[in-house]
Amino acid sequence: VRGQTARTADAGDERAQAAPGAVERGKAEPRPAPNELSERDNISSMIGSWANAWSRKDLDAYFAAYAKDFVAAGGQSRRQWERERRSRIGGKAWIAVKIQDLNISVEGNRARARFVQGYRSDGMSESSSKTLTLVRAARTWLIREEPSGQ
């Protein structure tokens with residue numbers, strides 16, 4: 001298990017300083033194996049696309065980032081969780097999601113991404129630490145777990 005892939009991925013509206021999904025490399029760290037580096041780059045890109053879809057309120061692309069067996073926080077079924085997310089996201093005039101300090105570790109077909117998520121909308125602004133558990137499905141990575149409050 002090794003550490004860092006990218007420091008910043010911006011997504012969303014014109015308020016972001018970098019282009020949507022942009023990735024800024026962090027400080028030099030021990031180089032991972034080439035295959036692991038490629039996987040971390042893929043995950044970083046996937047997370048940037050997920051944040052960008054959320055910022056655009058593109059619900060089809062947003063939900064496509066989640067595994068079919070996604071485990072929602074609080075014991076909700078996927079159907080209940082999607083209904084709630086559609087209502088929350090659709091009810092905002094605008095959303096801007098920014099990913100910072102992205103740290104990715106890969107173990108086979110599972111990965112963990114930790115980052116600081118900046119979220120702004122017409123009714124809210126917050127920054128919080130977030131952890132995603134991802135699984136590899138064919139040639140892509142999908143979000144399997146997104147615990148709340150982490």
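Conventions used here
Residues numbered from 1 in each chain as written. Predicted model: local features only at pLDDT ≥ 70, side-chain atom pairs only at ≥ 80, totals over all residues. Heavy atoms only, no water. Pairing = 2+ DSSP bridges. Helix = DSSP H or I, 4+ residues; strand = E, 2+ residues; numbered from the N terminus. Phe/Tyr/Trp six-rings, centres within 6.5 Å; stacked < 30°, edge-to-face > 60°. Buried < 20%, exposed > 50% of the residue type's maximum accessible area, 1.4 Å probe, protein only. Contact = heavy atoms within 4.5 Å. Salt bridge = Lys/Arg side-chain N within 4 Å of Asp/Glu carboxyl O. pLDDT = per-residue confidence, 0-100.

Trainee: Would you mind going over the pairing of strand β4 (residues 95–107) in detail, with residue names and values included?
Mentor: Relative to strand β5 (residues 110–121), β4 runs antiparallel, the two sharing eleven bridges. Paired with Ile95 across the two strands is Ser121, which belongs to β5.

Trainee: Tell me what's going on with the packing of aromatic side chains, and back it up with residues and numbers.
Mentor: In the structure shown here, the tally under the stated rule is twelve aromatic pairs. On the numbers, 5.4 Å between centres and 50 degrees between planes, the contact of Trp50 with Trp54 is tilted. Of this pair, Trp50 and Trp54 both sit in helix α1 (residues 34–56), separated by four residues, roughly a single helical turn. Side by side, Trp50 and Trp54 carry an identical accessibility label, which is buried. Geometrically, the ring pair formed by Phe70 and Trp81 is tilted, given 4.6 Å between the ring centres and 50 degrees between the ring planes.

Trainee: Any chance you could break down the environment of Trp81 for me, citing the residues and the numbers?
Mentor: Tracing the chain through its elements places Trp81 in helix α3 (residues 78–90). Residues Trp81 and Phe70, eleven residues apart in the sequence, show an inter-C-alpha distance of 9.8 Å. Contact partners of Trp81, with chain neighbours within four places excluded, come to Tyr62, Phe63, Tyr66, Phe70, Ala72, Gln76 and Glu146.

Trainee: Tell me about the pairing of β5, residues and numbers included.
Mentor: Counting the residues that bridge the hairpin from β4 to β5 gives two residues, and of these Gly108 lies at a positive phi of roughly 65 degrees. Direction of pairing for β5 relative to strand β6 (residues 124–137): antiparallel, over a ladder of twelve bridges. Across the sheet, residue Arg120 finds its bridge partner in β6, namely Ser125. Hairpin geometry of β5 and β6 is characterised by an intervening segment of two residues between the two adjacent antiparallel strands.

Trainee: Give a description of the pattern of salt bridges that names residues and reports values.
Mentor: For the structure shown, the criterion picks out eight salt bridges. In this structure, the salt-bridge partner of Arg78 is Glu82, at a minimum N-O distance of 2.7 Å. In this pair, Arg78 and Glu82 both sit in helix α3, four residues apart, roughly one turn of the helix. Note that Glu82 is salt-bridged to Arg86, the shortest N-O span being 3.8 Å. Taken together, the residues Glu82 and Arg86, both in helix α3 and four residues apart, mark about one turn of the helix. Where salt bridges share partners, they join Asp69, Arg144 and Glu145 into one cluster.

Trainee: Talk me through the confidence of the model for the protein chain; I want residue IDs and the actual numbers.
Mentor: In this model, the protein chain carries an average pLDDT of 82, and 73% of its residues clear a pLDDT of 70 or more. For the protein chain, the element scoring lowest by mean pLDDT is strand β2 (residues 22–24), at 40; helix α2 (residues 59–64) scores highest, at 98. For residues 1–29, every residue scores under 50 in pLDDT, and the model assigns this stretch 80 contacts once sequence neighbours within four places are set aside.

Trainee: Tell me about the side chain of Glu39, and please be specific about residues and values.
Mentor: Among the secondary structure elements, Glu39 is positioned in helix α1. Look at Glu39 and you get buried, because its relative accessible area is 12%. Excluding residues within four positions of it along the chain, Glu39 makes contact with Arg136 and Trp141.

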